[in-house]
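Structural overview for review
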Amino acid sequence: MKKVYSVINFKGGVCKTTLAVNIAAGLANYPQPNGIPLRILLVDIDPQANASVYMLGEDYWRENIQDKAKTSPNLYRVLVDKIKGKQIDYEFIIKPDDDGKNPVFGERKFKRTDGTYEIRRAKQNWSNLHLLSSVNSLFDLPKEYGYNTKLADNKHSLLADLLKTRYDEYDYIIIDCPTHFSPLTQNAISVSTNIIVPFVPDYLSTYGMNELFSRLSEYADQNGKGGLLKVDILIPTLYNEMSQDYHSFVKEVQDMIIKKRGPQRILSKAHIINSGFKRTVAVSKLIEDHRPVIDLPISHESRKTINLIVKAIIQPTKIKRKKI
Ligand SMILES: Nc1ncnc2c1ncn2[C@@H]1O[C@H](COP(=O)(O)OP(=O)(O)O)[C@@H](O)[C@H]1O
Ligand SMILES: [Mg+2]
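The notes below deal with the structure included here. (Residues numbered from 1 in each chain as written. Chains lettered and ligands numbered in written order. Predicted model: local features only at pLDDT ≥ 70, side-chain atom pairs only at ≥ 80, totals over all residues. Heavy atoms only, no water.)

As a structural note, the neighbourhood of ligand 1 is formed by 15 residues, with Gly13, Lys16, Thr17, Thr18 and Lys278 the closest of them. Between ligand 1 and the protein, one listed contact pairs an oxygen atom with a side-chain N or O atom of Thr18 at 2.6 Å. The contact in question runs from a nitrogen atom of ligand 1 to an N or O atom on the backbone of Thr280, over 2.9 Å. For ligand 1, whose unbound accessible area comes to 560 Å², protein coverage reaches 78%. Among the residues making up the shell around ligand 1, the classes are represented as six nonpolar, six polar and three charged. (Near = heavy atom within 4 Å. Polar contact = N/O pair within 3.5 Å; in protein donor to acceptor, adjacent residues only side chain to side chain. Areas by Shrake-Rupley, 256 points an atom, 1.4 Å probe, with all protein chains shown as cover. Nonpolar A, V, L, I, M, F, W, Y, C, P; charged D, E, K, R; others polar.)

Given below as structure tokens:
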């Protein structure tokens, strides 16, 4: 295992899920000098299960995972079994079956406007990209099992216990977090080495970053991770050419990082991917089609941004950091 990245912001709709999924796909697709692709696990801890639906398609996820939450491979089932002290003697990760059939970005059936169906296949086989799926029952976990106290600190991180059993099988683990600072998010932080923060460069998002950095920093220090956990990549998202204030809000976040870098060690390596992840029609169409940004032409700016982030993860020392 090289690193565990959590994608976090306490604001919704800032592209956490879109980036988590596409960074995972970008890493899985990144050419390696020895020709052996990196092994990637995407962990969806958001009860809304957007990353799982994006990667599996709604029909597959609903029929095979969500509707069979007690027997299917998913995070809720495995956490409940861990809480109850049961033996985990089943596969809880979604990966290609013995015949090589892979539900992750697999075959999809689309209804045409004339009522007939069309089968669409992924451009490549994503056999090295696996998924620990979420189901909606994750919403009820704290209520059902009161795990708030059990999971809230590093010593009792069930997610860490679970993922550690799989460290040998993966090069990178990417965790898509929900929008709030829930016990599960805290679990994700406790198992992470790095954090990626997407943010919309507008007034309220920028304002919220102060609180985000303070919470993350406080949590890291309280859990013995101070100086170890790094918020290393920040990405402005969902802006468009018309947003005049883009530069001033990005600058505001940059200034905030400089100011907090001393007292908050989590920010010591922080840098902003300046090209950002713009709002584009091409990306929103891809998400609807359950396809990764990697499927866009190599010259498309959204694909280039994903590639930049992936490079920053794989070769952090080679990335030129803009002076901030
Ligand atoms: N580059 C993009 N261009 C247009 N729409 C996008 C883009 N990236 C994400 N979206 C859309 O923006 C919305 C929020 O993205 P999402 O990744 O779900 O955010 P979060 O996980 O932070 O709540 C979703 O509806 C998604 O389809
Ligand atoms: Mg999300």
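Once that is clear, we can look at helix H9 (residues 203–222). An ideal rise of 1.5 Å per residue puts 28 Å on 20 residues; H9 measures up with 30 Å between its terminal C-alpha atoms. By the burial criterion, the buried members of H9 are Ser205, Thr206, Met209, Leu212, Phe213, Leu216, Ser217, Tyr219 and Ala220. Where H9 is buried, its residues meet helix H8 (183–191), strand S7 (194–199), strand S8 (230–236) and helix H10 (246–261). Immediately beyond the C-terminal end of H9, within one or two residues, lies Gly224, with a positive phi of roughly 70°. (Helix = DSSP H or I, 4+ residues; strand = E, 2+ residues; numbered from the N terminus. Expected span 1.5 Å × (residues − 1). Buried < 20%, exposed > 50% of the residue type's maximum accessible area, 1.4 Å probe, protein only. Contact = heavy atoms within 4.5 Å.)

It is worth spelling out the pairing of strand S5 (residues 129–132) at this point. Two faces belong to every sheet, and in a regular strand the side chains alternate between them. By the alternation rule, side chains of S5 split into Leu129 and Leu131 and His130 and Leu132, which are all buried. Two elements, strand S2 (residues 40–44) and S5, share four bridges in a ladder whose sense is parallel. Paired with Ile40 across the strands is Leu129, a residue of S5. (Pairing = 2+ DSSP bridges.)

This part covers the sheet that holds S7. Spatial ordering of the open sheet is given by S5-S2-S6-S1-S7-S8-S9, a layout of seven strands whose pairing is parallel. Sheet topology places S5 and strand S9 (271–272) at the edges, where each strand pairs with a single neighbour. In the sheet, S2 pairs with strand S6 (residues 172–176) via five bridges, with the strands oriented parallel. Looking at the pairing, Leu41 lines up with Ile173 of S6.

The nonpolar side chains of soluble globular proteins are, as a tendency, buried together. Counting 100 residues, the largest nonpolar core has Leu129, Ile174, Ile175 and Leu234 as its most contacted members. In terms of residue count, helix H1 (residues 16–29) provides more of this core than any other element does, eight residues in total. Aside from chain neighbours lying at most four places away, what touches Ile175 is Val4, Tyr5, Ser6, Val7, Val43, Ile45, Leu159, Leu163, Ala188, Val191 and Ser192. (Core = buried A, V, L, I, M, F, W, Y, C linked by side-chain atoms within 4.5 Å.)

Counting through the fold element by element, Asn74 comes out in the loop between helix H3 (58–65) and helix H4 (75–83). Of the residues examined, Asn74 reaches a relative accessible area of 0% and is grouped as buried. Only 2.9 Å separates the side chain of Asn74 from the backbone oxygen of Ala69, close enough to count as a polar contact. Apart from the residues within four sequence positions on either side, Asn74 is in contact with Ile65, Ala69, Phe92, Leu132, Ser133 and Val135.

One pass over the full model with this rule turns up zero disulfides. The thiol of Cys15 is unpaired, and the distance to the nearest cysteine sulfur, on Cys177, comes to 15 Å. Classification of Cys15 by relative accessible area gives buried; the value is 11%. A relative accessible area of 1% places Cys177 in the buried class. (Disulfide = S-S within 2.5 Å.)

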